[in-house]
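Structural overview for review
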Amino acid sequence: MEQTTMNNNLIPYKQTLTKFYTGETIMKAFEEIETKLLALKDKKISEIEKYQSNIESAEHALKIANEKLETAEEKADFVAYDKAKGDIWTARHAIEMYQKKIDKIKNTPLLNSAERDEVQKEVLKIADINRAEQFQKAKELLDKIKSISDSSIELKNNTNDILKQIGARSYTKDMVRGLWEQVSNVPMFNIVMREGEKNDR
C-alpha cells in the first residue's frame, strides 16, 4: 500500500479524537476510528483480491502455454515452441510478481509507526479522561448508598427503640446497611473511592 494514501486517510483521526473527549459521545469517537480502520482493512483486502485474480489469470495462461509447448514440440514447430517458452516465462514471472505484491500488502501495517503512535496517544487520552469520569460517577453512587445505609441504621434503631418500649418483637428485616457492608468489602471498593476522590478535587 502506498504510504501517502495512508497519511491522507489518517488526517480524520485527529479531527475525530479531539471532538469527543467526554460524555456519552465517547462511543461515537471509537466507532469513527473503527470505521476508518475498517476502510483501510477493506482497501488491503481489495488489493489482495485484485492481485489474486491476476495470479489466477496468469496460472491459466501458464497452463495454456504448457499445452502449446507440448504441441509445438511434437510438431517440431520452433516458432510456436519459442513463443510458448516465452509465454511460460511471462506467466511464471507474473505469478511471482503478483505474489510478492500480496505478501507485501499483508506484511504492511495499517498505519506506519508515527501514525500508530499518534492514534494510540489520542485513544489512550480519551480512555483516561473517561475512566476518571466513570470512577467519579461510581464514587458518587457509592456515597449515595452510604448515606442511605446510614439512614437505614437510624431507621432500624428508632423502630426497635419504640418496639422495645411497648414490649414488641424487634424489627429484624434486612436493611440497606447489609448491601453497604457487602459493597464496601469487595476488592475494587477502595480503588473506586480513591480514584473517584481524585476527580472530586
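This one's a predicted model, so the numbers in the text were calculated from it and none came from an experiment.

1. Regarding the packing of helix 2 (residues 26-75) against helix 4 (residues 113-165)
When two helices pack together, their arrangement is given by the angle between the helix axes and the distance between those axes. The geometry of helix 2 relative to helix 4 is characterised by a closest axis approach of 11 Å and an angle of 160 degrees between their N-to-C directions. The pairing of helix 2 with helix 4 is recorded here as roughly antiparallel in orientation. Every pair of crossing elements has a handedness; the one defined by helix 2 and helix 4 is left-handed. On helix 4, the residues that touch I26, A29, F30 and I33 of helix 2 are V123, I126 and N130. Class assignment of the residues belonging to the contact of helix 2 with helix 4 gives a composition of six nonpolar, one polar and no charged.

2. Concerning helix 3 (residues 78-107)
Given a rise of 1.5 Å per residue, 30 residues ought to cover 44 Å, and the 43 Å separating the end C-alpha atoms of helix 3 matches this to within 8%. For helix 3, the set of buried residues is A84, I88, A91, A94, I95, Y98, I102 and I105. At its buried positions, helix 3 is contacted by helix 2. The backbone nitrogen of V79 has a side-chain oxygen 3.3 Å away, supplied by the residue at the start of helix 3, namely D77.

3. Details of the nonpolar core
Y51, I55, L62, I88, I95, Y98 and I102 are the most contacted members of the largest nonpolar core, which totals 15 residues. Going through the elements one at a time, helix 2 and helix 3 are the ones with two or more residues in this core. Among the elements that line this core, the one with the most residues is helix 3, at eight residues. Ignoring sequence-local partners within four residues, the contact set of L62 consists of I88, A91, R92 and I95. Grouped together as the second largest cluster of nonpolar side chains are six residues, W180, F189, V192 and M193 included.

4. Thoughts on the packing of aromatic side chains
All told, the structure shown has two aromatic pairs when counted by the stated rule. Between the aromatic rings of W180 and F189, the centroid separation amounts to 5.4 Å while the plane-to-plane angle is 85 degrees, which identifies the pairing as edge-to-face. Like F189, W180 is buried.

5. Things to note about the pattern of salt bridges
Note on pairing: side chains with opposite charge can pair once their charged atoms come close. Applying the stated criterion across every chain yields a total of twelve salt bridges. A salt bridge links E47 to K43; its shortest N-O distance comes to 2.8 Å. Taken as a pair, E47 and K43 lie in helix 2 at a separation of four residues, close to a single helical turn. What makes E47 buried here is its relative accessible area of 17%. Note that K139 is salt-bridged to D143, the shortest N-O span being 2.8 Å. Of the two residues, K139 and D143 both sit in helix 4, four residues apart, roughly one turn of that helix. Given a relative accessible area of 32%, D143 falls into the partly exposed group. One salt-bridge network, held together by shared partners, links R131, E195 and K198.

Rules used in this analysis
Residues numbered from 1 in each chain as written. Predicted model: local features only at pLDDT ≥ 70, side-chain atom pairs only at ≥ 80, totals over all residues. Heavy atoms only, no water. Axes fitted to C-alpha atoms, helices over the stretch in contact; angles between N-to-C directions. Helix = DSSP H or I, 4+ residues; strand = E, 2+ residues; numbered from the N terminus. Parallel < 35°, antiparallel > 145°, perpendicular 65-115°, else oblique. Left-handed = near helix turned anticlockwise from the far one by under 90°. Contact = heavy atoms within 4.5 Å. Nonpolar A, V, L, I, M, F, W, Y, C, P; charged D, E, K, R; others polar. Expected span 1.5 Å × (residues − 1). Buried < 20%, exposed > 50% of the residue type's maximum accessible area, 1.4 Å probe, protein only. Polar contact = N/O pair within 3.5 Å; in protein donor to acceptor, adjacent residues only side chain to side chain. Core = buried A, V, L, I, M, F, W, Y, C linked by side-chain atoms within 4.5 Å. Phe/Tyr/Trp six-rings, centres within 6.5 Å; stacked < 30°, edge-to-face > 60°. Salt bridge = Lys/Arg side-chain N within 4 Å of Asp/Glu carboxyl O.

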